[in-house]
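Residue-level listing of the chains:
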Amino acid sequence: MSKTDSFFNPDQYATVAERIELFYSRFPQGRINTELVGRQDGEITFKALVFRGADDALAAATGWASEREGDSDINSVACLENTETSAVGRALANLGFTASSKRPSRKEMDKAIRVRNVLAFRERTRGESGTLHSLTNIADDVLHVLSIAEVKGFPRQRSEVLRERVRRPGLSATRVRKIEASLRAWIRRHEM
């Protein structure tokens, strides 16, 4: 799908800058930390942690991003910066700062289109590793949300069962997302 297809309308997607602006307007004492997790064989991976307050010990949300150097015009020049920005955008989206009717940022949609085009040429080889990578990111996010729930009093026994279930191979991304949604709902109910 190209950006000119009727399915992609860039005006429906927020930029990461818009998400950052929303975050700091709501949490002026908040902070966003990023960490370069990996940089090898042309692939860069960042993790972003978003904290609502300056003294918060636990992040309210995390986001991960991986990019390959040279995959696009921007990644030919500034892959490191682009990847870091993507991770921040995902973390803010996980915290609920979408700034639009659509959850992904424009940057994420651009990447999805690039990946889809690459997959069309490399059919299964690259597609399977991309799927595994995405599922790993989703599972890591759920485990992080689970740790936040535990701090807020989530039952230890249920926590251990969920942690094992998320780590077990074969669990679908859809199921992992449902677990995450349930945990986030539990956290919201117990923040009041």
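In what follows, the structure referred to is the one given above.
Residues numbered from 1 in each chain as written. Predicted model: local features only at pLDDT ≥ 70, side-chain atom pairs only at ≥ 80, totals over all residues. Heavy atoms only, no water.

K.L.:
Where do I start with the sheet that holds strand β2 (residues 43-51) in this structure?
P.N.:
Strands belonging to one sheet form pairs held by backbone hydrogen bonds; the direction of such a pair is parallel or antiparallel. Spatially, β1-β2-β3 is the arrangement adopted by the three strands of the open sheet, whose pairing is antiparallel. Edge positions in the sheet fall to β1 (31-40) and β3 (61-68), since each has one partner strand and no second. Mean inter-strand twist for the sheet, computed between neighbouring axes without regard to direction, equals 15°. Of the pairings in the sheet, the one linking β1 to β2 comprises nine bridges and is antiparallel in character. Following the sheet pairing, Ile32 is matched in β2 by Val50. The strands touched by helix α1 (residues 16-26) within the sheet are β1 and β2, with β1 carrying the most contacts at an inclination of about 145°. The strands touched by helix α2 (residues 73-94) within the sheet are β1, β2 and β3, with β3 carrying the most contacts at an inclination of about 155°. (Pairing = 2+ DSSP bridges. Helix = DSSP H or I, 4+ residues; strand = E, 2+ residues; numbered from the N terminus. Axes fitted to C-alpha atoms, helices over the stretch in contact; angles between N-to-C directions. Contact = heavy atoms within 4.5 Å.)

K.L.:
What is the right way to read the packing of aromatic side chains from this model?
P.N.:
Describing an aromatic ring pair means giving the distance of the ring centres and the angle of the ring planes. Under the defined criterion, the tally for this structure stands at three aromatic pairs. Seen in terms of ring centroids, Phe23 and Phe27 are 5.7 Å apart; in terms of plane orientation they differ by 45°. Their pairing is tilted. The buried category is assigned to Phe23, whose relative accessible area is 0%. The exposure class of Phe27 is buried, given its relative accessible area of 15%. Residues Phe154 and Trp186 carry aromatic rings whose centres are separated by 5.1 Å and whose planes lie at 90° to one another, so their mutual orientation is edge-to-face. Here Phe154, found in the loop between α3 (106-151) and α4 (156-167), pairs with Trp186, found in helix α5 (residues 173-191); they are 32 residues apart in sequence, far enough to count as distant. Judged by relative accessible area, which is 5%, Phe154 ranks as buried. Cluster of aromatic residues (ring-pair linked, three or more members): Phe23, Tyr24 and Phe27. (Phe/Tyr/Trp six-rings, centres within 6.5 Å; stacked < 30°, edge-to-face > 60°. Buried < 20%, exposed > 50% of the residue type's maximum accessible area, 1.4 Å probe, protein only.)

K.L.:
Before we go on, may I ask you to explain α2 in this structure?
P.N.:
For an α-helix the count is 3.6 residues per turn, leaving residues at separations of three or four pointing the same way. Over its 22 residues, α2 runs only 27 Å from end to end, short of the ideal 32 Å by more than 12%, given 1.5 Å per residue. By the largest-angle criterion, Cys79 marks the main kink of α2, which is about 105°. Two residues or fewer past α2, Gly96 is found with a positive phi of approximately 105°. (Expected span 1.5 Å × (residues − 1). Bend = angle between axes of the 7 residues up to and from the residue.)

K.L.:
Before we go on, may I ask you to explain the pairing of β2 in this structure?
P.N.:
Regular strands place their side chains on alternate faces of the sheet. Counting buried positions along β2 yields seven of nine residues, so the element is predominantly enclosed. As judged from the eight bridges shared by β2 and β3, these two strands associate in the antiparallel manner. The residue bridging Leu49 from the neighbouring strand is Thr62, located in β3.

K.L.:
Where do I start with the packing of α4 against α5 in this structure?
P.N.:
If you want to describe how two helices pack, look at the angle between their axes and the distance between the axes. Running from amino to carboxyl end, α4 crosses α5 at an angle of 155°, the nearest separation of the two axes being 10 Å. As summarised for this structure, α4 and α5 are arranged roughly antiparallel, according to the angle between their axes. The hand of the α4/α5 crossing is left-handed. Across the interface between the two elements, Leu162, Arg165 and Val166 from α4 touch Arg175, Ile179 and Leu183 from α5. (Parallel < 35°, antiparallel > 145°, perpendicular 65-115°, else oblique. Left-handed = near helix turned anticlockwise from the far one by under 90°.)

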